[in-house]
Amino acid sequence: MIQRCFSALVLSFAMLASFKTFAQNPLFKLLTSAKTGISFRNDINETENLNVLAYEYFYNGGGVAVGDINNDGWEDLFFTANMGENKLYLNLGNMQFKDITKAAHPLLAGKPGSWKTGVTMADVNGDGLLDIYICYSGKLSDDLRRNQLFINKGNLQFEEKAAEYGLDAINYSTQASFFDYDNDGDLDMFLLNHSTKKIDNMELAKYRTEADTLAGDRLYRNNNNKFEDVSAKAGINQFPSTFGLGIAISDINLDGWQDIYVTNDYNEQDYIYINNKNGTFTEKSKDYLRHLSHFSMGVDIADFNNDGYPDIYTLDMLPEDNRRQKLLQLQENYEAFSLMQSQDLHKQYMRNMLHLNNGDGSFSEIAQLAGVSNTDWSWCPLFADFDDDGYKDLFITNGYFRDYTNKDFLRYWGDFKIKKAMDRQPVLLMDLIKAMPVTYLSNYIYKNNGDLSFTNKKTDWGITQMGHSNGAVYADLDKDGDLDLVANNLNGEALIYENTRTNANAITFSVKYTGKNSFGVGTKLYVYTKKGLQYQEVNPNRGYLSATSLNLHFGLGANDKIDSVVVIWPNNQKRTLKDFEPNKPYLIEYNPSLTTPSITAALKPGIFEKKNPLILYPHEDFIENDFKRQALMLFMYSKVGPVLAKGDVNKDGLEDLFISGDKNRVGTIYQQTPGGGFRMRDDLNLGDENVSITSAAAFADVNGDGFQDIYIAKGGYSVVEPGTPNLQDELYINDGKGGFTLGKLPIMQESSKSCVVPGDYDGDGDIDFFVGGRVIPGQYPRVPRSYLLNNDGKGNFTIVDAAFNNIGMITNAKWFDFNKDGKLDLVLSGEYLPITVFINTGKGFDNKTQDYFKDQPKGFWFNFEIADLDKDGEVEIIAGNLGNNSQIKASDKEPAEMYYGDFDNNGSVDPILNFYIQGVSYPYVSRDELNDQIFPMRRKFSSYKNYADATIHSMFTDAELKAANKWEITSTQSTLFKKIEGKYTAVPLPMQAQFSIITEIVVDDFDKDGNKDILLLGNKTDNRLKIGAIDANYGCLLKGDGKSGFSYVPQIVSGLSIRGDVKSVIQINVKGNQYWVVAVADHPIQFYQVK
Amino acid sequence: MRVLVIIALLSMGVSAEAQKKGNPLTVQQATLAISKVMMHDVVNPPAASRFYSYSLMGAYHLVTVKNKSYKPLEQLLTNRPTLSVLATKQKYDYEVAAVYCILESGRLLLPSGFSLEEDIAAYEQALKKSGLNQETVKTSIEVAKDLAKQVVVWSRGDGYFKLSTLRRYTPVKGDQYWYPTPPAYMEAVEPNWRTIRTLFLDSAQQYKPVPPTPFSKDTTSKFFEMAKEVYQLTKPMTEEHAAIAAFWDCNPFAIATSGHMMLGFKKFSPGTHWINITGIACNKVKANFDKTVFAHFMVAATLRDAFISCWDEKYRSNRVRPETFIIKNIDPKWEPLLQTPPFPEYTSGHSVISSASAEVLTYIFGDNFSFTDDSEMMFELPARNFKSFRAAAQEASVSRIYGGIHYRDAVDAGVEQGKKIGEYVVRRISN
């Protein structure tokens, strides 16, 4: 009864809430220029001589700077126009502005005939007044490109003093940032520039040995208002291949010194310049990040998950909808990709990247999980708390005037040119330019859900204006306590959005620091509330071509209270303040007598400690590309090693290890010595990877002689053929004297295997095997054969028919007495299968999954583990899936569907994966890939446009689809299956468990609190390029509460930072110490200990 | 100039001159319609030769049925279909049927074959006004459609549709091997083309060329010398060399880039160029219908075998292109005059197919047959005069060195390879 009432209450509350949402106006209200007085437009005029083909950054737009130029408490605005006149608007209050450009300085509007780009407001000369720095670019004369510095005279008038200050650079400038890199108390300048040279070939390593004085970025040191170019000695790259589009300054590693993030368009990667505290920087993008945006544009650095660590977000060009994904070019060229890798460039993919700071020098890239990876051709990202709920939301401008990556345009515009030539009409450049389609987009705004994910709120929050927006800022323009938005539009009026939120509290801080940095650039604020921590840095240098407010705004929700605010000043002195009232602006002034040194707490030792390796094995895999064999797969299946197995081969009571081979060595036994070391048995050859590929191994005494024999299963994909000896598993018999001889196995070469599981399933006292089939090389996703091998007691095996032999693509299996009848049942995981249970009837095996599982999500299921996590006598199952951090989405309601068959009757399998994008299921395959796989499709879809909206039902007839086979995925989440009311029910694991593919699962009480914890390892790098490396897992430790509840343990607490694709993990006892041996593809074998 | 006029007429559907004579569409015009569709579809050069051979096969069969001085397919080809002409009550006009069959075969075979429907409709319209007996026309169309269908059925067994079941090209480690080239780094074109059924040749390997000059980075080696020759020819390039290279570029899809923009510029592929030359020769001697069909089919079939033979060698020797070698070892900023085609270097495809075609054309029209080649005018390339087919082939071959996309030995061996194939075809025709 009580429950019913409660649910009724909840229901009515929900109705009320939804009613309220409907009744309410959107959060943001677009103000007219009539209201604001801001009629600024960035109009560009395309001509035969001035156009995007003459200057490729023609549509990159202008910037906005916000700041209080007259210190009256109202934030003023400056807009740059590429070709037209810049505008300086004085804030008169009440959202009304006055154009004072001409009066402030005749040249503030920009040099006539020039090309203006970014703008910054900063107190360059340290007199307490904000100055304005304007960047210039364009293929014009040097003088027209000379950047300008307008020094604020304090009377709403400015003086142009760039030359005097040494800042009249003639580079192709994008944006300048003023900050104190050497902690000497004044503001220095980083100038972000871009190349204008066409670089068609990819001899990038050679370009990286050159310096380009106009394209390379510059760092200037402020020597008493004379700026000195220190780029070279500070270690700033000067390459002609740098196309700088975005810059953000932040103390990324929180060491008290400002770091620099620079984005680069095209093939040159982004740079993270980490401050060496001695005037120099080291570029650490490869060390910090696992992969990057490819055509990076704007960038923001902010702590979006309120853990006190700054996170990094970069923008790229991947569209959200299926249609534009299919119409526009995606980069999927394996040769170009590997060419870049071979020249020491980082992995780069075309989508936005959200790098979550793990606090230990590593970042997990989770833009796809967070839901902010696809925002089309995007420019300016800004994290700020727009709804004042205590979590920073995300605003993104986007739009590119002409879709010149349209594939029909690429492929078929040539026809138009020939037709013109045949009609003997001249072909003008403008014909070409005007042939490029124009698409208007709306900007994106996302609400931060507080759980690492975001929700698109374009419509609810009123960000729906169509256009092309570039630079943008947020600021509380009307001083009503919330953040308004301003964006610079190409060929349109600037957007001024007034924030109308009413039902939350917020607090705004400005700081007053000392000396020549009175605005306190670089100051850190930690706001502690009942709900937790919020962190921000005074750093206006972020976004795109723009400078945001110097004020720091913190949302407090409806009733959160501030406990204290910790300020860390640029000199790393700290002050703690209390007693703040919400909805009031506060000025925090520096007072040296009220500060104490801020000491960065030394990292506490983690739960795990990486030990010196007891075995030196730098694993090095072969380079293979499975997609050359079957172009339409999602993942590669070739890389399966290193494989680990443990056993005691010489009965000395010490655990020995089997490790499979690699490019440089054969698989062999590493025999533990009494001294606690391992001796590699170089007298053995238990598998040469040049001949066949070891995919699984298990020790077992198959002939009952008391010595451990070893079964080695064979797998691989690209170079092996089904039905050949390369896929024949091997059984090595221990001769008791340290030798191994090849034993006999039946012929079993039909599939590439994933697992070998010993168990006495028939209870006759000997060890039998289940061997799982993973894939048929060349025939993905047809069902590979799995094998049940029966032992005659002497180590002779026969293949036994069983119900699970042809069930699907098996990834792992375990023998386990599920129904407690004394007989071993078989539990299986597999790609496109649910976790499946075969009950051993004594006569055979019956699939009883239905009986045991309430939820049977079909997943990619790379692995699983069985354990009793809550000591209730019933086991739980933990299953590792794809995770939620990829383009592939699937649920019960919107399953991913894999149709496969030989649609064109040419003897090859055509796998067509479909999944839902914005409510409709579309094929993932591009038109080019499809045409290469099924030639008749070339006739069916005669253009990219024709294919852009195609679904599986427009590709194939109902009869064809009926004849085809189909797999499904209904969940990509790694999941805990717990018995509730007698049946296993799916319980999702925490968000952090969904960051990546989980391939290894370990259950143990790692933190020794008496409760079982779960360690999830994984990652997978060798995927389709349009999926990219899935690599955000560094060892995800989930702390158990003893009741099957699990919470994520941050990497700095777990002490784990395991990079790369984990293939095997095993626990081994060495001289009484338990080690976790972790085998990662293309990495050395690693050893960890729990403290 | 003439090509331009023909196209204009074709798009109007009726040739005023032809109207008087009866059949309102010539073999050349029908073939050009096919060429245009292939240009739209960006059909790669080997695949284009395959489409030509099938499009003209039915037409040639009709000629051999009518005119016993031309060898029937069964005697001519090593691999051949058994085609038969539909038994009809009415008479058919084999010229109308043959021309119609060219268009119909193209319609059925080409990716954008549907776009030939317009040309076919225009042809049908013109036939109505041609003064020909409409019953005869109707029957001719039936015969053509039936024959085109037979050709298409036979084409299905040639290995083409199996290509997608085979492994794609995976770059081989080593500086001597081909790697995709700037600016688009396109994947290798047709790495398994050797598996396509030949017409004259007994196999792709029948005229295997000599192995290429051994690779070496030693600056005194023969290979390095060859690379240097290519490099130095561009420093500076003479106007004559540049004109020759451009004239024979025949790149069906050269990609121009500007920032994120990529744009494909189209031209007729090398095979099309030789089909056009065939048409020019027929026009010059005012060849009758039978000879015109014969010449076109022979050149098409020769092109097909020449491409198969050449592509067999390309993916055997798998040699690095000058562009890759030069930017790595001589000058990182070098760019060839022509865009490097996306497949291995040895032997030069244009050399093989030009020499083979020239042998066959010389047999048909005689040596020292001078002609003006104006078939590239629509690409703003002025006409060039040649004193013989072999001279034209020689220029086409050497143009690849000027263009910076081939070494000299690939041209020399390619010419040799093509010549042997051409001579073999001539023996098959004449014996």
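Coordinates for the structure precede this section.
Residues numbered from 1 in each chain as written. Chains lettered and ligands numbered in written order. Predicted model: local features only at pLDDT ≥ 70, side-chain atom pairs only at ≥ 80, totals over all residues.

A. Examining the overall build of chain A more closely. A count of helices and strands for chain A gives 20 helices and 72 strands. The globule rule puts the C-alpha radius of gyration for 1091 residues at 31 Å, and the 31 Å found for chain A is close to it. Based on the C-alpha atoms only, the size of chain A along its principal axes is roughly 100 × 85 × 70 Å. The 1091 residues of chain A split such that 54% are buried. (Helix = DSSP H or I, 4+ residues; strand = E, 2+ residues; numbered from the N terminus. Rg over C-alpha atoms; globule rule 2.2 N^0.38 Å. Buried ≥ 20, exposed ≤ 12 C-beta atoms within 10 Å, placed from the backbone.)

B. Structural detail: the interface of chain A and chain B. Each partner contributes residues to the interface: chain A has 38 residues there, and chain B has 36 residues. Secondary structure elements with two or more residues in the side of chain A that touches chain B: α9 (334-342), α11 (407-422), α15 (927-933) and α16 (937-940) of chain A. With nine residues, the top contributor of residues to the side of chain A that touches chain B is α11 of chain A. Of the residues that constitute the side of chain A that touches chain B, the class distribution is 13 nonpolar, 11 polar and 14 charged. (Contact = placed C-beta atoms within 7 Å. Nonpolar A, V, L, I, M, F, W, Y, C, P; charged D, E, K, R; others polar.)

C. How the structure looks around the pairing of strand β60 (residues 896-901) of chain A. When β60 of chain A meets strand β63 (residues 965-969) of chain A, the two strands line up antiparallel, connected through five bridges. Looking across to β63 of chain A, one finds that Ala896 of chain A is bridged to Ile969 of chain A. (Pairing = 2+ DSSP bridges.)

D. Seen up close, the sheet that holds strand β45 (residues 678-680) of chain A. Residues and elements named next belong to chain A. Read across the sheet, four strands follow the order β42-β43-β44-β45 without closing on themselves; strand pairing throughout is antiparallel. What marks the edges here is a single partner per strand, and that holds for β42 (644-647) and β45. The sheet shows a mean angle of 25° between the axes of neighbouring strands, taken without regard to direction. With three bridges connecting them, strand β43 (residues 656-659) and strand β44 (residues 668-672) associate as antiparallel partners. Bridge pairing in β44 links Ile659 to Thr668. (Axes fitted to C-alpha atoms, helices over the stretch in contact; angles between N-to-C directions.)

E. Geometry of the packing of helix α4 (residues 45-66) of chain B against helix α8 (residues 134-155) of chain B. All names here are of chain B. Taken N-terminus to C-terminus, the directions of α4 and α8 make an angle of 130°; their axes are 9 Å apart at the nearest point. Comparing the axis directions of α4 and α8 gives the class oblique. As α4 runs across α8, the sense of the crossing is right-handed. Only Leu147, Ala148, Val151 and Ser155 of α8 make contact with α4, whose side of the interface consists of Tyr54, Met57, Gly58, His61 and Leu62. Across the contact of α4 with α8, the residue classes break down as six nonpolar, three polar and no charged. (Parallel < 35°, antiparallel > 145°, perpendicular 65-115°, else oblique. Left-handed = near helix turned anticlockwise from the far one by under 90°.)

F. Examining the sheet that holds strand β9 (residues 158-160) of chain A more closely. All names here are of chain A. Across the sheet, which stays open at both edges, the four strands sit in the order β6-β7-β8-β9 with antiparallel pairing between neighbours. Each edge of the open sheet carries a strand with a single partner, namely β6 (115-122) and β9. Taken over all neighbouring pairs, the strand axes of this sheet differ in orientation by 20° on average, direction set aside. Sheet topology note: the β6/strand β7 (residues 131-137) ladder contains six bridges and is antiparallel. Within the sheet, the bridge partner assigned to Val119 lies in β7 and is Ile134.

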